[in-house]
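Structural characterization, general
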Amino acid sequence: MTTSTALHATAATAADADATLQRAWAVLEAVPDPEIPVVSIRELGILRDVRRAADGTLEVVITPTYSGCPAMSQIAEDVGHALDAAELKPYRIATVLAPAWTTDWMTDEARDKLRAYGIAPPTGNCGSATAVSPSQEKVMRFVPRALPAPSCPRCGSAHTERLAQFGSTACKALYRCIDCREPFDYFKPY
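Residues numbered from 1 in each chain as written. Predicted model: local features only at pLDDT ≥ 70, side-chain atom pairs only at ≥ 80, totals over all residues. Heavy atoms only, no water.

This next bit is on the sheet that holds strand 3 (residues 91-95). Pairing between the strands of a sheet is mediated by backbone hydrogen bonds and can be parallel or antiparallel. One open sheet holds the 3 strands; their spatial order is 1-2-3, and the pairing between them is mixed. Two strands close off the open sheet at either side, each with one partner strand: strand 1 (47-52) and strand 3. Recorded for the sheet is a direction-independent mean angle of 20 degrees between the axes of neighbouring strands. Packed onto the sheet, helix 3 (residues 72-85) meets strand 2 (58-62) and strand 3 and runs at close to 160 degrees relative to strand 3. (Pairing = 2+ DSSP bridges. Helix = DSSP H or I, 4+ residues; strand = E, 2+ residues; numbered from the N terminus. Axes fitted to C-alpha atoms, helices over the stretch in contact; angles between N-to-C directions. Contact = heavy atoms within 4.5 Å.)

One finds Leu28, Ile46, Leu47, Val50, Ile75, Leu83 and Phe187 to be the most contacted residues of the largest nonpolar core, which totals 31 residues. Within the residue set of this core, elements represented by two or more residues are helix 1 (3-29), helix 2 (41-44), strand 1, strand 2, helix 3 and helix 4 (108-117). Counting residues per element, this core draws most heavily on helix 3, at 5 residues. In contact with Ile75, other than residues within four places in its own chain, are Asp33, Pro34, Ile41, Ile46 and Ile62. (Core = buried A, V, L, I, M, F, W, Y, C linked by side-chain atoms within 4.5 Å. Buried < 20%, exposed > 50% of the residue type's maximum accessible area, 1.4 Å probe, protein only.)

Looking now at helix 3. Its 14 residues place the ends of helix 3 20 Å apart at the C-alpha level, agreeing with the 20 Å of an ideal helix rising 1.5 Å per residue. Once helix 3 ends, the next one or two residues include Glu87, with phi positive near 55 degrees. (Expected span 1.5 Å × (residues − 1).)

Bridging between strand 2 and strand 3 involves 5 bridges; their strand directions are parallel. Each bridged residue has a counterpart across the sheet, and for Val61 the counterpart in strand 3 is Ala94. Each parallel crossover has a hand, and the one from strand 2 via helix 3 to strand 3 is right-handed. (Right-handed = clockwise from strand over helix to strand, strands pointing away.)

As a further point, take the pattern of salt bridges. Under the definition given, this model contains 9 salt bridges. Salt-bridge contacts for Glu43 lead to Lys113; the nearest nitrogen and oxygen are separated by 2.7 Å. One end of the pair, Glu43, is in helix 2; the other, Lys113, is in helix 4, and 70 residues separate them in sequence. Taking the relative accessible area as the measure of exposure, Lys113 reaches 34% and is therefore partly exposed. For Asp84, the salt bridge goes to Lys89, with nearest N and O atoms at 3.9 Å. With a relative accessible area of 58%, Lys89 lands in the exposed category. Residues joined by salt bridges that share partners form a network here, namely Asp49, Arg51, Asp55, Glu59 and Arg92. (Salt bridge = Lys/Arg side-chain N within 4 Å of Asp/Glu carboxyl O.)

And the structure:
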C-alpha cells in the first residue's frame, strides 16, 4: 500500500467514525428522561459525551442528576435500546459521577419544556456568577445561598411557597402557587 493510499484509507476511516458519532448523538437526542418524558437526556445534560474509546468501541457517557438517582439504570437501558435499534454496535455505557451534574447543564429548550409540562425549571445558575477576592478563595460555605422562589409554571405568578423539600422525585421540591392555588414541582438547582 502506498503512503497516499494509506492516508486516504485513514481519512476515510476517520470520516466514517465521525459519521457514526454524529449518528449516535442524533439517536440519543431522542432518548427521553424516564421521569420527565418531555425532555431528552441530552437536553437535561445527563448525556455528557459520545466518543470512541481507545479500543474503537463507541462509548456513551452519562452522569446522574444526583449520585443516588434511581432512574440511571433505566436511562442506561434506554440508551442501549436506542443504540441497538440503530445498529450502533459495539458500544459501552459509562456512568461518570465527576464532575457532578449541575442544572447549569440543562438547555434552554429543556427549561421551556419543563415549564410547559408543569414543572418549574431551576432559577439562576449554580456556577460562580460573582468574582471572589484571593482572600475569599478558600472559604467553605455550608449554608445554601438564597434563591428567588420559582414562578408558577401554570400562571406565571412569582407568589409561590414551598410545601416540601422533596416533590415527586428527590431532585424536585413541591411548591404551591398562592395566586392560582395549584401545586407544582420545582426542579431544584444543583
